[in-house]
Number of protein chains: 2
Amino acid sequence: MMKRIHTVLELKVDFTIGGGIMQSSNREMLRCFIYPESVAVIGASSNQEKIGFTIVKNLLNYGYRGKLYLVNPKETNILGFDVYHDIKSIKEDVDLVFIVTPAKIVPSIIEDCAERNVKGAIIVSSGFGEMGSEGKKIERDMVEKSRKSGMRILGPNSIGVISPKSRIPWALPLLPHHLYDEGDVAFISQSGGVTTTFSLMAGERNLKFKAVVHIGNESDLGVEDWIEYFGEEKGVRVIAVFIEGVKNGRRFMKVLKNVTPHKPICILKGGKTEEGSAAVLTHTGAISGSDDIYNAVFKQTGAIRADNIEELIDFVECFDRLSLPEGDRVIILTGSGGIGVLTADACVESGLKLPPIPEDIEKELENVLPQYWNGKRNILNPLDMTVGGSWGGVVKRYSTCMEIISNSKDVDIMIVCSSVAGNQIAKKFTRELINVRKKINKPFVLVWPPSGNGSLIEFKRELRNNGIVVFSDPYRAARSISCLVKYKKFLERN
Amino acid sequence: MMKRIHTVLELKVDFTIGGGIMQSSNREMLRCFIYPESVAVIGASSNQEKIGFTIVKNLLNYGYRGKLYLVNPKETNILGFDVYHDIKSIKEDVDLVFIVTPAKIVPSIIEDCAERNVKGAIIVSSGFGEMGSEGKKIERDMVEKSRKSGMRILGPNSIGVISPKSRIPWALPLLPHHLYDEGDVAFISQSGGVTTTFSLMAGERNLKFKAVVHIGNESDLGVEDWIEYFGEEKGVRVIAVFIEGVKNGRRFMKVLKNVTPHKPICILKGGKTEEGSAAVLTHTGAISGSDDIYNAVFKQTGAIRADNIEELIDFVECFDRLSLPEGDRVIILTGSGGIGVLTADACVESGLKLPPIPEDIEKELENVLPQYWNGKRNILNPLDMTVGGSWGGVVKRYSTCMEIISNSKDVDIMIVCSSVAGNQIAKKFTRELINVRKKINKPFVLVWPPSGNGSLIEFKRELRNNGIVVFSDPYRAARSISCLVKYKKFLERN
């Protein structure tokens, strides 16, 4: 047996982590999945149709900067790199292995890895617990073998991890551009499809990840381990979770309780209904459990529940970009009475308060509003500024009103409904909002419906890149703000 | 006083309407707003900042093909056209006038118009009922004067009408491209802001209008008149409505009852909450009324209620593009178990049924699914095809499963959840779906989340142009399908 030494990528880097001194051995054990200094792909392939090829290509394209070893007894050269016969042939330490071999040989591979002191294994292969009793047996065998050394397992049936800082890519053929940038959102998902869907949708919102983790069958590491990990990880601002069921309810609850006082956790739970639960059972073999119990757990622990994927990303976007409002008092600023009415409805239905315009700013606002206002209407909330006059004037009126309102101590957050359309004025409006955001000390969200020609997309991107949250519907804006308020109240109680 | 004759646009056209012989005088009276053979702009202006200029420019840009007269005693030439001193100076018949003069002179203008047998007036000017008792008086005066001749009024405080066939544009500075195409959606709105928002959002969905009508203050023509009109108008497939309140509840209900057996009516109602109602009172002077009553009315009359703007457009898109499903039995086809679970939850929560896969197609489906399925899992609903193997195979598997499922008499509608990403395969998938749609006789909706790089936008546009409904979230797909089912059941009862 020849040893084939892979030398090209032996660039050793120092992955400084945000959290400083590690606080638990569990945390240290999981770290190897996010910041591995060396990686081996067991089942690496030169066949472009195979996932063992995709992983290698992804590691190269994504720019993994640690040591990389390719392992496959049947291959000699993949993309110009030498291939090891097995993990035991690698003399250096390996932090993390990807395993993409057939299920039945995984336990013996894990045994070899444990002997070689590999810290973590991402098992991409399927054909385990989700396939019935035979697969479950292999899964148990594999975990038992890993326990001998304290090595940890992600999966099986996992597309792995996205870790922009250390350049660990997932095991999927696509790697869109926005996944290259490091951010402060952590996403943990039990479903591969939801992992991809959410990660790709994040690009539409210009959200960036600290990490994405697909936990797969959870033979070893479960959702609660990862929530705990990202709870302690500095630089993670918000944790998003998709689960269908949890295996260790008690620990899950304990972890949520520990993390929510420091970081918001937004959770989408599949299998709410009987039919949904039945589907969960089929595809992961997990039991999703009573939805009432989950609701109670989320309420008690301060975790925020989202009702669908769009809502999950709405909530995450708000927690990521906004400071928490001090309370639930919303002022609606609108250029259209009708949109103001719909926004007011949405706020009240979401449990938010619409106080009257505070007296101390009433006069100031009156001075900003168009002439014909004087003496004709009261200054009310929603504040309908109308969009009469020149567009330049309208844009200025928005920002001036926002400044005035943000100065009142009787307002906690603003919803700004834009009636601006047309490229030229949209550009001005975008600049003005970015400027005014720097001047004011209250959070706000913008409601700006799509304009039909797709032209607003670039302005919305610019706004988001400058920390401004944009929704296309008042309803979603109000729902999201109510989560911020709910979380703030939870923090005050705890 | 000189008569200034405007000759350039005197191209007389025949606006054949879909409905054939007109069925009521009310219908004939409203027709002049949508298909006027001659138009006068009273208050036309050469000042580009003024709405009296915008309207003229819009009529020219949009390509109005009837006779056009410009009226303003202070102007002589606007954009190269002669200007009339007043409406009485025009010797030819005028079907429709736009009025953009100050409120206080509108009654006398209406009087002149009535004398000249003008059929309809769009009053764009504001400063009427919404401004208090003085304005209300002017409004009453104006309506009284119009009644002398049977002339009808749209507004005041109305941005008017979009009528692609006859090229009547609204009174707004923007006229995006998608508003040039004639379609089969009619939109009636009490709010200018919601009119623009909805009309612009429609462009994102490739929805096209037969007409858009902003009813403004409803001094004369109300929402019920327009619902009745479009109810009878051939070529209108679905009627979308935004209201905050109705002035004549009895007639409103009667009209809904008459129209819903022939056409679906989707309604968004502002002012659901106390705070929302208060806002309605402020900006239109209308009373929005108890929300429970509206719910009862909608239920009894078979009108479909949407909860927010996005939902309104979701519902309209489904009614516009899909045939009604025969019943409530949904099969979910998915490439991801997790997405399948979320879709199942959404269906059940929306009141839809998820039957088991019908026996007559079970074997056929099994033959299409990947090898490792055999004997390992049951064929279930959601049908998780997984996305293993080549992408070409995955795409083919989608369409083959759709064909098989559509052949079963025990299925009414499909939700197809796409896990396809990446441009090349997305293109293939799009083509395949467009082809399979022609072959199958069951409605389906596609759930295809945004991919982050905006690349899917063009494929979604192509799908929509070929009559396929695309949602980005399973929740919205299920909500919308449940409306189709609800409406179908209503039709069966009536």
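Residues numbered from 1 in each chain as written. Chains lettered and ligands numbered in written order. Predicted model: local features only at pLDDT ≥ 70, side-chain atom pairs only at ≥ 80, totals over all residues. Heavy atoms only, no water.

## Quick notes on the confidence of the model for chain A
Thought 1: In this model, chain A carries a mean pLDDT of 89, and residues with pLDDT of at least 70 account for 90%.
Thought 2: Scoring the predicted complex yields pTM 0.91 and, for the interface, ipTM 0.91. (pLDDT = per-residue confidence, 0-100.)

## Quick word on the interface of chain B and chain A
How big an interface is tends to be reported as the loss of accessible area on association of its parts.
Thought 1: Each partner contributes residues to the interface: chain B has 63 residues there, and chain A has 63 residues.
Thought 2: Both sides together, the interface formed by chain B and chain A hides about 4900 Å², and carbon and sulfur atoms give 66% of it.
Thought 3: Of all residues in chain B, M131(B), V341(B) and L342(B) give up the largest surface area on contact with chain A, accounting jointly for 11% of the area buried on that side.
Thought 4: Counting every contact that joins chain B to chain A gives four salt bridges.
Thought 5: Of the charged contacts in the structure, one is a salt bridge between K272(A) and E349(B), with a shortest N-O distance of 3.2 Å.
Thought 6: Linking chain B with chain A are 16 residue pairs in polar contact (both at pLDDT 80 or more), by the criterion used here.
Thought 7: Residue assignment for the side of chain B that touches chain A shows that the elements contributing at least two residues are α5 (192-204), β12 (265-269), α8 (274-284), α10 (309-321), α11 (337-349) and α16 (474-493) of chain B.
Thought 8: No other element matches the nine residues that α11(B) contributes to the side of chain B that touches chain A.
Thought 9: Residues that form the side of chain B that touches chain A fall into these classes: 27 nonpolar, 22 polar and 14 charged. (Contact = heavy atoms within 4.5 Å. Buried area = accessible area lost by both parts, 1.4 Å probe. Salt bridge = Lys/Arg side-chain N within 4 Å of Asp/Glu carboxyl O. Polar contact = N/O pair within 3.5 Å; in protein donor to acceptor, adjacent residues only side chain to side chain. Helix = DSSP H or I, 4+ residues; strand = E, 2+ residues; numbered from the N terminus. Nonpolar A, V, L, I, M, F, W, Y, C, P; charged D, E, K, R; others polar.)

## Some thoughts on helix α7 (residues 249-259) of chain B
Residues and elements named next belong to chain B.
Thought 1: Among all positions in α7, only F252, V255, L256 and V259 are buried. Looking straight down α7, one finds that the buried residues subtend no more than 100° of arc, so they occupy a single side. Facing away from the buried side of α7, by more than 90 degrees, are the exposed residues R250 and K254.
Thought 2: Elements in contact with the buried residues of α7: α6 (223-232), β11 (238-243), β12 and α9 (291-301). (Buried < 20%, exposed > 50% of the residue type's maximum accessible area, 1.4 Å probe, protein only. Arc of directions from axis to C-beta.)

## Details of the sheet that holds strand β8 (residues 160-162) of chain B
Residue and element names in this part refer to chain B.
Thought 1: Ordered in space as β8-β10-β9-β11-β12-β13, the six strands form an open sheet in which the pairing is mixed. One side of each edge strand has no neighbouring strand; the edge strands of this open sheet are β8 and β13 (304-306). Going across the sheet, the axis of each strand differs from the next one's by a mean of 20°, ignoring polarity.
Thought 2: Each of β11 and β12 is contacted by α7, which is oriented at about 145° to β12, the strand it contacts most. (Pairing = 2+ DSSP bridges. Axes fitted to C-alpha atoms, helices over the stretch in contact; angles between N-to-C directions.)

## Some details on the sheet that holds strand β18 (residues 469-471) of chain B
Residues and elements named next belong to chain B.
Thought 1: The sheet built from five strands is open, its strands ordered β15-β14-β16-β17-β18 with parallel pairing. The two strands at the open ends of the sheet, each matched to only one other strand, are β15 (383-384) and β18.
Thought 2: Relative to β18, strand β17 (residues 444-447) is paired through three bridges, and the arrangement is parallel. Bridge pairing in β18 links V445 to V469.
Thought 3: Sitting on the sheet, α11 is in contact with β14 (330-334), β15 and β16 (413-417), with an inclination near 160° to β14.

## Some remarks on the packing of helix α10 (residues 309-321) of chain A against helix α16 (residues 474-493) of chain A
All names here are of chain A.
Thought 1: Two numbers describe how α10 lies on α16: the axes approach to 9 Å, and their chain directions differ by 55°. Regarding the angle of α10 to α16, the classification is oblique. Considering the relative orientation of α10 and α16, their crossing is right-handed. Here E310, E311, D314, F315, C318 and F319 of α10 come into contact with α16, specifically with R476, R479, S480, C483, L484 and Y487.
Thought 2: When its residues are assigned to classes, the contact of α10 with α16 shows six nonpolar, one polar and five charged. (Parallel < 35°, antiparallel > 145°, perpendicular 65-115°, else oblique. Left-handed = near helix turned anticlockwise from the far one by under 90°.)

## Focus on the packing of helix α12 (residues 359-368) of chain B against helix α13 (residues 391-406) of chain B
All names here are of chain B.
Thought 1: In the contact formed by α12 and α13, the axes pass within 10 Å of each other and the chain directions differ by 175°. When the axis of α12 is compared with that of α13, the two are roughly antiparallel. When α12 is examined against α13, the residues I361, E364, L365 and V368 are found in contact with a partner set consisting of R397, T400, C401, I404 and I405.
Thought 2: Across the contact of α12 with α13, the residue classes break down as six nonpolar, one polar and two charged.

## Things to note about the relation of the copies chain B and chain A
Thought 1: Note on the identical chains: chain B maps onto chain A by a rotation of 180° and an axial translation of 0.0 Å, with an RMSD of 0.0 Å. Overall, the copies show the geometry of a two-fold rotation axis.
Thought 2: The fraction of interface residues of chain B whose copies in chain A are also interface residues reaches 100%, indicating that both copies meet through the same surface. (Least-squares fit on C-alpha atoms with pLDDT ≥ 70 in both.)

## Looking at the nonpolar core
Thought 1: Grouped together as the largest cluster of nonpolar side chains are 116 residues, with contacts concentrated most on F187(A), F198(A), V445(A), F187(B) and V445(B).
Thought 2: Ignoring any residue separated from it by four or fewer positions in sequence, one finds F187(A) in contact with V194(A), T195(A), F198(A), S199(A), F209(A), A211(A), V212(A), V213(A), A240(A), V241(A), F242(A) and L312(A). (Core = buried A, V, L, I, M, F, W, Y, C linked by side-chain atoms within 4.5 Å.)

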